[in-house]
Amino acid sequence: MSDAPPPPPIPGTGRGGRGGALTSFLREQGISARAISSRRRQREEEAAAAAGAADAPDGEGEQAAAPTVPGQHDDAAEDNDDDDDLVVTVPAAASSSSTPAAATTAPTKASKAKQKKKRKRADDSDDEDDDFVAPPPARPDPTLVCIKCRVAITAWRKSAFASLCRDCVKEKQEESQAADADGSSSPEPMMTRSGRGRGRGRGRGGATKAAAAPRRRIGKARETAAEFALVRDDADVALAASQVPSLVDTCVKKIVDLIDDVESLGDLSENALRKFARVVCKKRMLNAGLLPLFTGDHVTSLTLFDVTLLDADHLATIGVLCPNLVRMHLAFCGRTADSTLAAWADAGWNSLAELTLKGPYLVRDTAWAAFFARLGGRLRKLHLEYAVKLHTEGLNALVDAQRAHGFPLEDLALIHGDAMTPASLSLLAHFPNLVGLSLMHSSATHLTNLQLDAYLRAMPHLRALAVSHAPLLNDKALFALRRAHATLTHLTLASMDGFTKQGVAAWLGGYWPPLRVEEGQEEEEDGGGDAAGPPPALLDGMLGTAPAAPAAPAAPAPATTVAAAEPMAVDGDDADPAAEIAEEEEADPWLELDALEPGLDFSDLLGATAVPPLHLETMILERLRGLNDDGAIVPLLATTGRTLVRLGLNWFDRLTPAALLALLDAGASALVDLDVSWVRAVDDPVLEHLVAALPLTRVAVFGCQRLTAAVSGVNRERARVNVRGEPVAVVGSEFDDGLV
């Protein structure tokens, strides 16, 4: 006895599951399932009848189900052609030894295939009687623009690349095929979504694959020139010639290998001594025994990149070993203590002008105050990283020492200054001759818009400004940068959420406050028309004219005889208009944020021509969530793109290819260093387009997962060159294998 076959899957659910995509669609369209349920009940009844006929005795089985002759068609069978159950009976003259279980045979492979076709045909017939609502026509998305033809990419013009339309992809493939047919050199074939290029291999069935190009791993360590002995072509010869170590590098490596037997380095140049110190510190071999090799009466510049093995006493001896020191740079100097700074102060470094310490987190504020009182008056450069205990007392001593010598300090960097308070940050405005100011990480935690505006007022020669992790800064700080437009050439802003694209427009346009637009109104304004400018009242204030008087209220309409024309006062008199306006102002949070606090005045900065235009050579923007939009980045690139030499757009994952095209429109003829790490819109066409059109020599693409090995990998048949024919280094690609 055979069991009845299981009921077929529910039509529209795909694989028999509940709540599939097609089932949800049918339910939303109001399609009735009455026909489906009735047909299913019919199948269950027929299956039960067939099972009962198989269990009945031979005589009853013959009466219940008449035997059919093989090859003979039955009209009833044709009527039930849509049934999923296939019942095969044997003739009446079958052998008596056959068991009841043999009365029904299992369906063959052909019958199973026929079943699937019938079921599919039955499922398709269910939709014929129902109304079908066609989807609306696809509209072009203004944010998706082809980087080549500059046409909006619609649903029918999409390709494997979000930045390139289907027509341009096809055109490029045809050009590649034509170049291959002519035998001329062509770029690497464009990759598809699967990461495979054309012409790399054939399918199965005896077809051969194209031979893979040999990998060019030449001199990864570059220890000796013998690693470059095997060359293949002219490109490898040029690469080997550029990477062969010089004689100085070879001698430095030999000395490092025999450093235990070296007693003196003799009279080395400053450049050679710096290279030697870099190799020794990289291997973390610098100890108290090797320190005398880098010191002496003749040493005026000391640069040690890792002094981890030197304790406080050994570091204190530098003051005795180098009495004529002018510049000192110590990294990883975490063992520096109060006694170390006291010994340096007693050394009498009257000519010390530049001091860089990275990691003196043990030195207390009183020790900094004593050191600055002795040696801080002549400092022209001061970089302190992780000076976590420096605050008001130490900075007051530095200000007093600098005042006695006319404030010669030009470059100040305080990084990871955990103890910096609002009072200590206010003291930085006493350095009028600063050219570079850097307040990074915890040093700017308490920095306010008023303090930054005071810096820009007091520092007329400021050229480089770097600020990060300042949660109190907002669009007012951006607008205050207009004070430094005449001199500012290097700007770094990182990890701040208070900036908005409306603030960028006010900064570049010269009007305040920014124009805040509601989300619903913003879409309507973007649909057509020019960008809205400042309101007329604001324009009058910017131009120095009195604002126009408000229009007089309209005269009341004459009374009419129709009583319905007058609205009936159900709740009494109307509310006061002034009170309604006050309530709306209180409900708008931007009014309070854009209001200028006491001491902050932008009246001298209003107007597009009030200050010189912005000419930045370096602009580094990292993790600015409020500016993570094309509406903020495109105006910035359009304004500064012509003069930019280095640009960093890190963690701007919502940008589109149209934002990067602003560099081409602005004519960035000087841009050589570009960082687009974690910009999701960067794919192969975008990178190729930028490299081919700009004089880039270095591009950072960390986290750009849409790139493929065809463009970002180093193992290519054609070298990456820019518009000037110079090689381009793509840093951070997952296909580089560490060989960039």
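See the structure printed just above.
Here is a short report on the structure shown in this document. Counting restarts for each chain, with residues numbered from 1 along the sequence as it is written. At least 70 in pLDDT is required for a residue's local features to be given in this predicted model, at least 80 for side-chain atom pairs to be given and counted, and no such filter applies to totals for whole chains, interfaces and linings, which use all residues. Side-chain measures were taken over the full set of non-hydrogen atoms in the model, leaving aside hydrogen atoms and water.

## Topic: the environment of Thr336
Here comes step 1: Only runs of H or I of at least four residues qualify as helices and only runs of E of at least two qualify as strands under DSSP, and these elements are numbered from the N terminus. Mapped onto the elements of the fold, Thr336 is located in the loop between strand 2 (327-331) and helix 12 (338-346).
Here comes step 2: To sort residues, take the accessible area from a 1.4 Å probe on protein chains only and compare it with the maximum for the residue type: under 20% means buried, over 50% means exposed, and anything in between is partly exposed. By relative accessible area, Thr336 is classed as buried at 0%.
Here comes step 3: With 24 residues separating them along the chain, Thr336 and Ala312 place their C-alpha atoms 5.1 Å apart.
Here comes step 4: Excluding anything up to four places from it in sequence, Thr336 contacts Leu315, Leu341, Pro360, Leu362 and Val363.
Here comes step 5: Under the rule applied, a polar contact is a pair of N or O atoms within 3.5 Å (in protein, one hydrogen donor and one hydrogen acceptor; residues adjacent in sequence only if both atoms are side-chain atoms). For Thr336, the side chain forms a polar contact with the main-chain oxygen of Cys333, separated by 2.9 Å. For this analysis, residues touch if any pair of their heavy atoms sits within 4.5 Å.

## Examining the pattern of salt bridges
Here comes step 1: The term salt bridge refers to a side-chain nitrogen of Lys or Arg lying within 4 Å of a carboxyl oxygen of Asp or Glu. Counted by the stated rule, this structure contains 15 salt bridges.
Here comes step 2: Across the pair Asp475 and Arg516 runs a salt bridge whose closest N-O atoms are separated by 2.8 Å. One end of the pair, Asp475, is in helix 17 (residues 475-480); the other, Arg516, is in the loop between helix 18 (501-509) and helix 19 (519-527), with 41 residues separating them in the sequence.
Here comes step 3: Given the relative accessible area of 21%, Arg516 is considered partly exposed.
Here comes step 4: We note a salt bridge from Lys476 to Glu597, for which the minimum N-O separation is 2.8 Å. One end of the pair, Lys476, is in helix 17; the other, Glu597, is in the loop between helix 22 (589-594) and strand 9 (618-622), and 121 residues separate them in sequence.
Here comes step 5: Residue Glu597 is classed as partly exposed on the basis of its relative accessible area of 25%.
Here comes step 6: Linked by salt bridges that have partners in common, Asp453, Arg457, Arg483 and Asp604 make up one network.

## Things to note about a nonpolar patch on the surface
Here comes step 1: Taken together, the side chains of Tyr361, Leu362 and Tyr386 make up a nonpolar region of the molecular surface, amounting to roughly 290 Å² of accessible area.
Here comes step 2: Looking at the secondary structure, you find Tyr386 in the loop between strand 4 (381-385) and helix 14 (392-404). Exposure above 30% relative accessible area and the lack of any salt bridge qualify a residue for a patch; like charges then connect within 9 Å, and the nonpolar side chains Val, Leu, Ile, Met, Phe, Trp and Tyr within 5 Å. To be clear on the numbers: accessible area is Shrake-Rupley with a 1.4 Å probe, and residue cover counts the displayed protein chains and nothing else.

## Remarks on the pairing of strand 7 (residues 464-468)
Within a regular beta strand, the side chains point alternately toward one face of the sheet and then the other, so they alternate between its two faces.
Here comes step 1: Summarising burial for strand 7: four of the five residues are buried, a large majority.
Here comes step 2: A pair of strands counts as paired when DSSP detects no fewer than two bridges linking them. The sheet contact formed by strand 6 (residues 436-440) and strand 7 spans four bridges and is parallel. Across the sheet, the residue bridging to Leu437 is Leu465, located in strand 7.
Here comes step 3: Here is how to tell: hold the view so the strands point away, follow the path from the first strand over the helix to the second, and if it runs clockwise the crossover is right-handed. As for the winding sense of the linkage, the β-α-β connection from strand 6 through helix 16 (residues 449-458) to strand 7 is right-handed.
Here comes step 4: Here strand 7 runs beside strand 8 (residues 490-494); their pairing, made up of five bridges, is parallel. Within strand 8, the residue paired with Ala464 across the bridge is His490.
Here comes step 5: Between strand 7 and its parallel partner strand 8, the chain crosses via helix 17, and the hand of that crossover is right-handed.

## Comments concerning the nonpolar core
Here comes step 1: We define a nonpolar core as any set of buried Ala, Val, Leu, Ile, Met, Phe, Trp, Tyr and Cys residues linked to one another through side-chain atoms lying within 4.5 Å. Formed by 138 residues in total, the largest nonpolar core has its most connected members in Phe294, Trp344 and Phe372.
Here comes step 2: The leading source of residues in this core is helix 13 (residues 365-375), at six residues.
Here comes step 3: Each residue touching Trp344, except ones within four places of it in the same chain, is listed here: Leu315, Ala316, Ile318, Gly319, Met328, Leu330, Trp349, Leu357, Phe371 and Leu375.

## Regarding the packing of helix 18 against helix 23 (residues 630-640)
Here comes step 1: Orientation is described by lines fitted to C-alpha atoms, with helices fitted over the stretch in contact, and by angles between N-to-C directions that extend from 0 to 180 degrees. Here helix 18 crosses helix 23 at 25°, and the two axes come no closer than 8 Å. One way to sum up the angle between helix 18 and helix 23 is to call them roughly parallel. The chirality of how helix 18 crosses helix 23 is left-handed. Packed against helix 18, whose contacting residues are Lys501, Val504, Trp507 and Leu508, the element helix 23 presents Gly631, Ala632, Pro635, Leu636 and Thr639 at the interface.
Here comes step 2: Its residues placed into classes, the contact of helix 18 with helix 23 shows six nonpolar, two polar and one charged. Angles below 35 degrees are treated as roughly parallel, those above 145 as roughly antiparallel, those between 65 and 115 as roughly perpendicular, and all remaining angles as oblique. Should the near helix be turned anticlockwise from the far one by less than a right angle, the crossing is left-handed, and should it be turned clockwise, the crossing is right-handed. Residues are grouped as follows: nonpolar covers Ala, Val, Leu, Ile, Met, Phe, Trp, Tyr, Cys and Pro; charged covers Asp, Glu, Lys and Arg; every other residue, Gly included, is treated as polar.

## A closer look at the packing of aromatic side chains
Describing an aromatic ring pair means giving the distance of the ring centres and the angle of the ring planes.
Here comes step 1: Each Phe, Tyr or Trp ring (for Trp, its six-membered ring) is paired with any other whose centre lies within 6.5 Å, and the angle between the two planes then decides the class: stacked below 30 degrees, edge-to-face above 60, tilted in between. Evaluation of the coordinates by the stated rule reveals eight aromatic pairs.
Here comes step 2: Considering the side-chain rings of Trp368 and Phe372, the 5.7 Å spacing of their centres and the 25° angle between planes classify their relative orientation as stacked. Of the two residues, Trp368 and Phe372 are both situated in helix 13; the distance of four residues between them amounts to about one turn of the helix.
Here comes step 3: Here the aromatic rings of Trp651 and Trp678 are separated by 4.7 Å at their centres, their planes lie at 10°, and the arrangement is stacked. Here the residue Trp651 occupies a position in the loop between strand 10 (646-650) and helix 24 (657-666), and Trp678 occupies one in the loop between strand 11 (673-675) and helix 25 (684-693), the gap between them amounting to 27 residues.
Here comes step 4: The exposure class of Trp678 is partly exposed, given its relative accessible area of 29%.
Here comes step 5: An aromatic cluster of at least three residues, connected via ring pairs, comprises Trp368, Phe371 and Phe372.

## Notes on the pairing of strand 5 (residues 411-415)
Here comes step 1: Where strand 4 lies against strand 5, five bridges are found, and the strand directions are parallel. In the strand pairing of strand 5, Leu382 is matched with Leu412.
Here comes step 2: In this structure, strand 5 lies alongside strand 6, joined through five bridges in parallel fashion. Residue pairing across strands places Leu414 opposite Leu439, the latter belonging to strand 6.

## Looking at helix 24
For an α-helix, 3.6 residues make a turn, and residues three or four places apart therefore share a direction.
Here comes step 1: Where burial is concerned, most of helix 24 is hidden: seven out of the 10 residues are buried.
Here comes step 2: All of the buried residues in helix 24 are Pro657, Ala659, Leu660, Leu661, Ala662, Leu663 and Ala666.
Here comes step 3: Each element contacted by the buried residues of helix 24 is listed here: helix 23, strand 10 and helix 25.
Here comes step 4: Once helix 24 finishes, Gly667 follows within two positions and takes phi at roughly 70°, a positive value.

## What to know about the packing of helix 12 against helix 13
Here comes step 1: At a minimum axis separation of 9 Å, helix 12 and helix 13 run at an interaxial angle of 10°. Here helix 12 is positioned roughly parallel relative to helix 13, judged by the angle of their axes. For the pair helix 12 and helix 13, the contacting residues are Asp338, Leu341, Trp344, Ala345 and Asp346 in the first and Ala367, Trp368, Phe371, Arg374 and Leu375 in the second.
Here comes step 2: The class makeup of the residues in the contact of helix 12 with helix 13 is seven nonpolar, no polar and three charged.

## Here we look at the side chain of Thr640
Here comes step 1: Within the secondary structure, Thr640 sits in helix 23.
Here comes step 2: Residue contacts for Thr640: discarding those within four places in its chain leaves Leu614, Leu616 and Met619.

## A word on helix 18
Here comes step 1: Among all positions in helix 18, only Gln502, Gly503, Val504, Ala506 and Trp507 are buried.
Here comes step 2: Once helix 18 finishes, Gly510 follows within two positions and takes phi at roughly 80°, a positive value.

## What about unusual backbone geometry?
Here comes step 1: For the bond from Trp512 to Pro513, the omega torsion is 5°, close enough to zero to count as cis.
Here comes step 2: Considering the arrangement of structural elements, one finds Pro513 in the loop between helix 18 and helix 19.
Here comes step 3: The backbone phi angle of Tyr386 is positive, close to 65°, even though this residue is not glycine.
Here comes step 4: Phi is positive for His469, which is not a glycine, with a value near 55°.
Here comes step 5: Of note, His469 is situated in the loop between strand 7 and helix 17.
Here comes step 6: Residue His469 is classed as partly exposed on the basis of its relative accessible area, which comes to 33%.

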